[in-house]
Amino acid sequence: MLTLTANAAQAIRDLTATAPEPSQSGIRISSQGEGANSLTLTLATAPEPADAVVETEGARVYLDPVAATVLEDKSLDAGADEQGSVSFLVTEKNM
């Protein structure tokens, strides 16, 4: 299952803090096709019925079935540029 770094968890909490339902809000990673190159990330107020849910330190990530398979052995990290824009990076899981 996908894991979140502390940076990713904090970034997700920051992004969802002002959502209408912050207690259920998270980010959703979904597929637009097959493979990692077709994944999109959006803010979500709740998971879709078939989504896998990853929760770390109060941060929630919802994964559609294809994304859950593609990201099964990956880790999600986050960083911010000088302007404060958040970017997410999928990396190999540290064993």
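Note: the structure precedes this text.
These notes cover the structure that comes with them. Fair warning: this is a prediction, and the values are worked out from it, not measured in the lab.

### Regarding the sheet that holds strand S2 (residues 26-31)
Here is step 1 of the chain: Spatially, the four strands line up as an open sheet ordered S3-S2-S5-S4, and their pairing is mixed. Two strands in the sheet have a free side with no partner beyond their single neighbour: strand S3 (39-44) and strand S4 (52-56). Strand-to-strand twist of the sheet, defined as the mean angle between neighbouring strand axes without regard to direction, takes the value 20 degrees.
Here is step 2 of the chain: Of the strand pairs in this sheet, S2 and S3 are connected by six bridges, and their pairing is antiparallel. Paired with arginine 28 across the strands is threonine 42, a residue of S3.

### A word on the pattern of salt bridges
Here is step 1 of the chain: Enumeration over the complete set of coordinates arrives at five salt bridges.
Here is step 2 of the chain: Here the salt bridges do not stand alone but share partners, grouping Asp73, Lys74 and Glu92 into one network.

### Remarks on a nonpolar patch on the surface
Here is step 1 of the chain: On the surface, a cluster of nonpolar side chains totalling about 240 Å² of accessible area is made up of Leu15, Leu43 and Val86.
Here is step 2 of the chain: Inspection of the secondary structure assignment puts leucine 15 in helix H1 (residues 6-16).
Here is step 3 of the chain: Overall, leucine 15 belongs to the partly exposed group, its relative accessible area being 33%.

### Remarks on the side chain of serine 25
Here is step 1 of the chain: Within the fold, serine 25 resides in the loop between H1 and S2.
Here is step 2 of the chain: On the basis of relative accessible area, serine 25 is assigned to the buried category, the value being 2%.
Here is step 3 of the chain: The contact partners of serine 25, leaving out residues within four places of it in the chain, are Thr16, Ala19, Ala44, Thr45, Arg60 and Tyr62.

### Focus on the sheet that holds strand S1 (residues 3-4)
Here is step 1 of the chain: Overall, mixed pairing links the three strands, which are arranged S1-S6-S7 in an open sheet. Strand pairing shows two members of the sheet lacking a second neighbour, S1 and strand S7 (86-92), which therefore form its edges.
Here is step 2 of the chain: As judged from the two bridges shared by S1 and strand S6 (residues 74-80), these two strands associate in the parallel manner. For leucine 4, the partnering residue across the bridge sits in S6 and is leucine 76.
Here is step 3 of the chain: Sheet strands in contact with H1 are S1, S6 and S7, and its direction is about 65 degrees off that of S6.

### Here we look at the pairing of strand S5 (residues 59-63)
Here is step 1 of the chain: With five of five residues buried, S5 is to be regarded as a mostly interior element.
Here is step 2 of the chain: For S2 and S5, the ladder comprises three bridges, and the chain directions are parallel. Its bridge partner being in S5, isoleucine 27 is matched across the sheet by valine 61.
Here is step 3 of the chain: Of the strand pairs in this sheet, S4 and S5 are connected by five bridges, and their pairing is antiparallel. Residue pairing in the sheet places threonine 56 in a bridge with alanine 59 of S5.
Here is step 4 of the chain: Hairpin connection between S4 and S5: a loop of two residues separates the two successive antiparallel strands, and glutamate 57 in this loop has a positive phi of roughly 50 degrees.

Parameters at a glance
Residues numbered from 1 in each chain as written. Predicted model: local features only at pLDDT ≥ 70, side-chain atom pairs only at ≥ 80, totals over all residues. Heavy atoms only, no water. Pairing = 2+ DSSP bridges. Helix = DSSP H or I, 4+ residues; strand = E, 2+ residues; numbered from the N terminus. Axes fitted to C-alpha atoms, helices over the stretch in contact; angles between N-to-C directions. Salt bridge = Lys/Arg side-chain N within 4 Å of Asp/Glu carboxyl O. Patch = residues over 30% accessible without salt bridge, like charges linked within 9 Å, V, L, I, M, F, W, Y side chains within 5 Å. Areas by Shrake-Rupley, 256 points an atom, 1.4 Å probe, with all protein chains shown as cover. Buried < 20%, exposed > 50% of the residue type's maximum accessible area, 1.4 Å probe, protein only. Contact = heavy atoms within 4.5 Å.

Geometric descriptors of this kind do not, in isolation, establish any biological role.
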